[in-house]
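Survey of secondary and tertiary structure
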Amino acid sequence: MANLENRFSNNVFFGTVDSIINWSRSSSLWPETFGIACCAIEMISAGCARYDLDRLGVVFRPSPRQSDVMIISGTVTKKFAPVVRLLYAQMTEPRWVIAMGTCAISGGVYNTYAVVQGSERIVPVDVHVPGCPPRPDALIHGILMLQEKIKKQHVLRKQDTGEAGDVAR
C-alpha cells in the first residue's frame, strides 16, 4: 500500500480554475476565415504547410459563430465597417481581435474620407501586427502574444444575476 501511495503522490496536478480555463482557451484559438485586402494573402500563407498554425492550436473556421478570434487583415473602408462590426457581434464570447497590417492599424497611406483610420474605431483590438504587408511569422508572433494575454485574464462568475459568464479584466 505504501508503494502505491508513493507512486501516485508524484502525479498530482495543482492549478487554479483560471489557469486551466485560460490554458484551454489559448491553446485552441479559432479565427474566422476573413480577409479584406492584401494582408489576407499573408494570413492564408501562415495557415499553410510552411508556417502551419495548426501546431499552435489555431484552426481557421468558416463561420463567425464558430470563431473566437477575428483577424482584420487589410484596409477597412467606412462602407465595409458595419460588416466588420456585424461579424464581430456574431462571434462567440469571449472573443479577441488581431489588427494585421498598417492599413488595419492606422489606415495606412489611405488618409481619405472613405477609409477608417484604425480598426479600434469599429471593434476593440487586442493585438497589433505591424507591417505592409506583415510576414506570416509576424502574424504567428501576434498570435503568441494573444495567447499570453489570454493566459493572464481572470475568469469570474457573475454575482448579480446568478448566471455563469466570463468577464475579462
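Here's what I pulled together on the structure shown here. (Residues numbered from 1 in each chain as written. Predicted model: local features only at pLDDT ≥ 70, side-chain atom pairs only at ≥ 80, totals over all residues. Heavy atoms only, no water.)

Overview of the packing of aromatic side chains
Applicable threshold: Classification of ring pairs uses Phe, Tyr and Trp, with its six-membered ring standing for Trp, and accepts pairs whose centres are within 6.5 Å; under 30 degrees between planes counts as stacked, over 60 as edge-to-face, and the remaining range as tilted. To qualify as a helix, a DSSP run of H or I must reach at least 4 residues; to qualify as a strand, a run of E must reach at least 2; elements of each kind are numbered from the N terminus. The buried label applies to any residue whose accessible area, calculated with a 1.4 Å probe on protein chains only, is under 20% of its type's maximum; exposed applies above 50%, and partly exposed to all values in between. Two conditions define a charge sitting above a ring: the NZ of Lys or the CZ of Arg must be within 6 Å of the ring centre, and it must be within 35 degrees of the ring normal.
Summed over the entire model, instances satisfying the criterion amount to one aromatic pair. Pairing Phe 34 with Phe 80 gives two aromatic rings, centres 6.2 Å apart and planes at 10°, and the pair type is stacked. Here Phe 80 lies in the loop between strand E1 (69–73) and helix H4 (81–90) and Phe 34 lies in the loop between helix H2 (17–26) and helix H3 (39–46), a separation of 46 residues in the sequence. Judged by relative accessible area, which is 8%, Phe 34 ranks as buried. Using a relative accessible area of 29% as the deciding quantity, one classes Phe 80 as partly exposed. Sitting over the ring of Trp 30, Arg 61 keeps its end group 5.1 Å from the ring centre. In this arrangement the basic side chain of Arg 95 is found over the ring face of Tyr 88, its NZ or CZ atom lying 4.3 Å from the centre.

What about the packing of H2 against helix H6 (residues 136–151)?
To keep things clear, this is the line we draw: For every element, the axis is a line fit to its C-alpha atoms; helices are fit only across the contacting stretch, and the angle between N-to-C directions ranges from 0 to 180 degrees. When describing relative orientation, an angle under 35 degrees is termed roughly parallel and one over 145 degrees roughly antiparallel, while 65 to 115 degrees is termed roughly perpendicular and anything else oblique. Whether a crossing is left-handed or right-handed is set by the direction in which the near helix is turned from the far one by less than a right angle, anticlockwise for left-handed and clockwise for right-handed. In what follows, residue pairs with any heavy atoms lying within 4.5 Å of each other are defined as contacts. Gly is placed with the polar residues, together with every amino acid not listed as nonpolar (Ala, Val, Leu, Ile, Met, Phe, Trp, Tyr, Cys and Pro) or charged (Asp, Glu, Lys and Arg).
The N-to-C vectors of H2 and H6 enclose an angle of 160°; their axes lie 8 Å apart at closest approach. By the angle between their directions, the pair H2 and H6 is classed as roughly antiparallel. For H2 against H6, the interelement crossing comes out right-handed. Together, Asn 22, Arg 25 and Ser 26 of H2 and Gln 147, Ile 150 and Lys 151 of H6 make up the contact between the two elements. Its residues assigned to classes, the contact of H2 with H6 comprises one nonpolar, three polar and two charged.

Side note on unusual backbone geometry
The peptide bond linking Glu 93 to Pro 94 adopts the cis configuration, its omega dihedral lying at -10°. Looking at the element boundaries, Pro 94 is found in the loop between H4 and strand E2 (96–100). Of note, the bond from Cys 132 into Pro 133 is cis; its omega dihedral lies within 30 degrees of zero at -20°. Phi is positive for Asp 52, close to 55°, though the residue is something other than glycine. Along the chain, the position of Asp 52 falls in the loop between H3 and E1.

Quick word on the sheet that holds E2
Using the following cut-off: Two strands are said to pair when DSSP picks up at least two bridges between them.
One open sheet accounts for three strands, arranged E1-E2-E3; its pairing is parallel. Of all strands in the sheet, those bounded by a partner on one side alone are E1 and strand E3 (127–129). Across the sheet, the mean angle from the axis of one strand to that of its neighbour is 20°, orientation sign disregarded. Pairing of E1 with E2, which is carried by five bridges, proceeds in the parallel orientation. Bridged to Val 69 within E2 is Trp 96.

Details of the side chain of Gln 147
Relative to the helices and strands, Gln 147 is located in helix H6. Residue contacts for Gln 147: discarding those within four places in its chain leaves Ser 26, Leu 29 and Leu 56.

With respect to H3
Where we set the bar: The arc in question is the one traced by the directions running from the helix axis out to the C-beta atoms.
Every buried residue of H3 is listed here: Cys 39, Ala 40, Glu 42, Met 43 and Ala 46. The arc enclosing the buried residues of H3, seen along the axis, measures out at 160°, which places them on a common side. For H3, the exposed residues lying more than 90 degrees away from the buried face are Ile 41 and Ile 44. Contact partners of the buried residues in H3: E1, E2 and H6.

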